[in-house]
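Okay, here's what each chain looks like letter by letter:
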Amino acid sequence: MIFAITMTLYLLIQSYVLFRFYQLLPKKRWIRLPALIFAICLTFSMPTSIFLARELPLWLIRPMYLIGAGWMVGLIYFFIPVIAMDLFRLINRFAGFVSKEKLTKLRTNNGKVSLALIVFYTIFFYMGNHTYHDKARREYHFNLADMSLIEAPLACPLNEGNSQSMTAPIKTVMISDLHLGHTIRRDEMEAWAKLINAENPDYIFISGDVIDNDVRPLYADNMPEAINMLEAQKGIYAVLGNHEYIAGVENSIEFFNKTKVKLLRDEVILLPENIYLVGRDDKMNRHRAELSALLEGLDPAVPKIVLDHQPFKVAEMAKAGDFLQLSGHTHDGQVWPYKYATKMINGISSGLLTLDNSQFLVSSGIGLWGGKFRIGTRSDYMVVTFCQ
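Residues numbered from 1 in each chain as written. Predicted model: local features only at pLDDT ≥ 70, side-chain atom pairs only at ≥ 80, totals over all residues. Heavy atoms only, no water.

Enquirer: Whenever I open this one, the sheet that holds strand β4 (residues 203-206) confuses me. Can you help?
Expert: Sheets are built from strands that pair by backbone hydrogen bonding, the pairs being arranged parallel or antiparallel. The seven strands lie next to each other as β2-β1-β13-β3-β4-β5-β6, forming an open sheet whose pairing is mixed. In the strand order of this sheet, the two ends are held by β2 (148-149) and β6 (262-263), each with one partner. Here strand β1 (residues 136-143) pairs with β2 via two bridges, running antiparallel. Within the sheet, the bridge partner assigned to Phe142 lies in β2 and is Leu149. (Pairing = 2+ DSSP bridges. Helix = DSSP H or I, 4+ residues; strand = E, 2+ residues; numbered from the N terminus.)

Below is the structure:
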């Protein structure tokens, strides 16, 4: 029901936006006819790539998905000027700031404004694409004794008295929301592997959404081989995200089995450093275990790291005990102004949130969904060091 309402609203809004931009174009057949065909492609590309994603051949579904998903994410930047103009027209009816004829001339059959907007949006989304490819490295240090944040530049302090007695810090890299598939291909995964391997981590933690929405393009790109380029001295662990369920959970699990990544589904393991690693299944699984059930019976003196894709009901989760949760899912809204919505929904959009004695660290994702652009947000990976 929610999906049907969302898709209906999307189609209505984008049809309204496309109609207004169509009105703006010069009334010349050689301009408006291609524009009309392109508008029809925009309109049906996303619904087609959703409902026929696994029926159509890859060579056809890939461009439709790229166009449709990119348009769906970027639509807000076309909607804002359109709705602003129509609101101004409504106010202008009563205030009379500008004559009706001048407004009509500005917003319809105007080649100069059309050309100016084409140039503007080209530069705008080019810059957004550049921002997406510029990955932010975010670094955190935590005290394993109580999972408290150690502010830089202290990093991991030596033990008092004898520096030789200090237990070596544990260096990890956390990534989420890779969304490998039609949009993000093997070449990017290989570049990310080099970026992460340069950190020489003890562990790599992946907080869900490795897969976008279909495993077929992953096999076409031999993506398991690219994922296996990731190197961690002591292991790579991951949990499922909502997109693994969208792609078909059994298909996703089979894909993970072809990699060296250890998938945790409502499991608790004890790492050699005497740290509990708790991997929760995504909340798309309505029968997943409660966090309190997973933590029940664990030694309270042993530090706990929780991998959970979605930072869902964090205030409630914090009551389950003392732990550090590593999550993704939000994309930090991916583009402005959606980041405000993700914070309102989840209580956190990205970064670190402390509640009671628990910490929630949320990545905006090393990848993204839809078009390859970020506006007002950054793709990131997190270097998390635990000090003993």
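From this point, the narrative continues.
Enquirer: Would you explain the layout of surface pockets in this entry?
Expert: Over the atoms a probe the size of a water molecule is rolled, and this reveals where empty space is left. Estimates place the volume of the largest pocket at around 2000 Å³. Around the largest pocket, the lining is made up of 41 residues, and of these Thr6, Met72, Asn242, His243 and Trp369 lie nearest the centre. The dominant element in the lining of the largest pocket, judged by the number of residues it contributes, is helix α1 (residues 2-24), at seven residues. Each residue belonging to the lining of the largest pocket can be placed in one class, and the counts come to 22 nonpolar, 14 polar and five charged. Approximately 930 Å³ is the volume attributed to the second largest pocket. Lining the second largest pocket are 30 residues, with Phe38, Leu42, Trp71, Phe78 and Tyr121 sitting closest to its centre. For the lining of the second largest pocket, the elements supplying multiple residues, two or more each, are α1, α2 (29-51), α3 (58-74) and α6 (111-133). The element contributing the most residues to the lining of the second largest pocket is α6, with eight residues. Residue composition of the lining of the second largest pocket, grouped by class: 23 nonpolar, six polar and one charged. (1 Å grid on protein atoms, 1.4 Å probe; cavity = no way out; pocket = protein on both sides within 12 Å on 5 of 7 lines; lining within 4 Å. Points joined across faces, edges and corners; volume = space filled by probe spheres on them. Nonpolar A, V, L, I, M, F, W, Y, C, P; charged D, E, K, R; others polar.)

Enquirer: Help me out: how do you make sense of the side chain of Thr172 in this one?
Expert: Structurally, the position occupied by Thr172 is in strand β3 (residues 170-175). Within polar-contact distance, the side chain of Thr172 engages the backbone oxygen of Val384 at 2.8 Å. Other than its neighbours up to four places away in sequence, Thr172 contacts Pro201, Tyr203, Phe205, Met382, Val383, Val384 and Phe386. (Polar contact = N/O pair within 3.5 Å; in protein donor to acceptor, adjacent residues only side chain to side chain. Contact = heavy atoms within 4.5 Å.)

Enquirer: Just to check I follow, could you spell out the packing of aromatic side chains for this structure?
Expert: Both the distance between ring centres and the angle between the ring planes are used here to describe each pair of aromatic rings. For the coordinates displayed, the defined rule picks out 23 aromatic pairs. Between Tyr65 and Trp369, the aromatic rings sit 6.5 Å apart at their centres with planes inclined by 90°, giving edge-to-face as the arrangement. You can see Tyr65 sitting in helix α3 and its partner Trp369 sitting in the loop between β12 (358-362) and β13 (380-387), a full 304 residues away along the chain. Between Phe323 and Phe360, the ring centres sit 5.7 Å apart and the planes meet at 85°, which makes this aromatic pair edge-to-face. Of this pair, Phe323 sits in the loop between α13 (314-317) and β10 (324-327) while Phe360 sits in strand β12, and the two are 37 residues apart along the sequence. Exposure class is identical for Phe323 and Phe360. Each is buried. When the ring centre of Tyr22 is taken as reference, the NZ or CZ atom of Arg32 above it lies at 4.7 Å. Across from the ring centre of Phe312, 4.3 Å away, lies the NZ or CZ of Lys283, which sits over that ring. (Phe/Tyr/Trp six-rings, centres within 6.5 Å; stacked < 30°, edge-to-face > 60°. Buried < 20%, exposed > 50% of the residue type's maximum accessible area, 1.4 Å probe, protein only. Lys NZ or Arg CZ within 6 Å of the ring centre and 35° of its normal.)

Enquirer: Help me understand unusual backbone geometry in this model?
Expert: Excluding glycine, residues mostly carry a negative phi; peptide bonds, for their part, are mostly trans. Cis peptide bonds are those with omega within 30 degrees of zero, and the linkage from Trp336 to Pro337 qualifies with 5°. Relative to the assigned elements, Pro337 resides in the loop between β10 and α14 (338-346). Phi at Asn109 takes a positive value of approximately 50°, unusual for a residue other than glycine. Phi at Asp356 takes a positive value of approximately 55°, unusual for a residue other than glycine. If you trace the backbone, Asp356 turns up in the loop between β11 (351-355) and β12. Relative accessible area serves as the criterion here: at 61%, Asp356 is assigned to the exposed category.

Geometry only, nothing functional implied.
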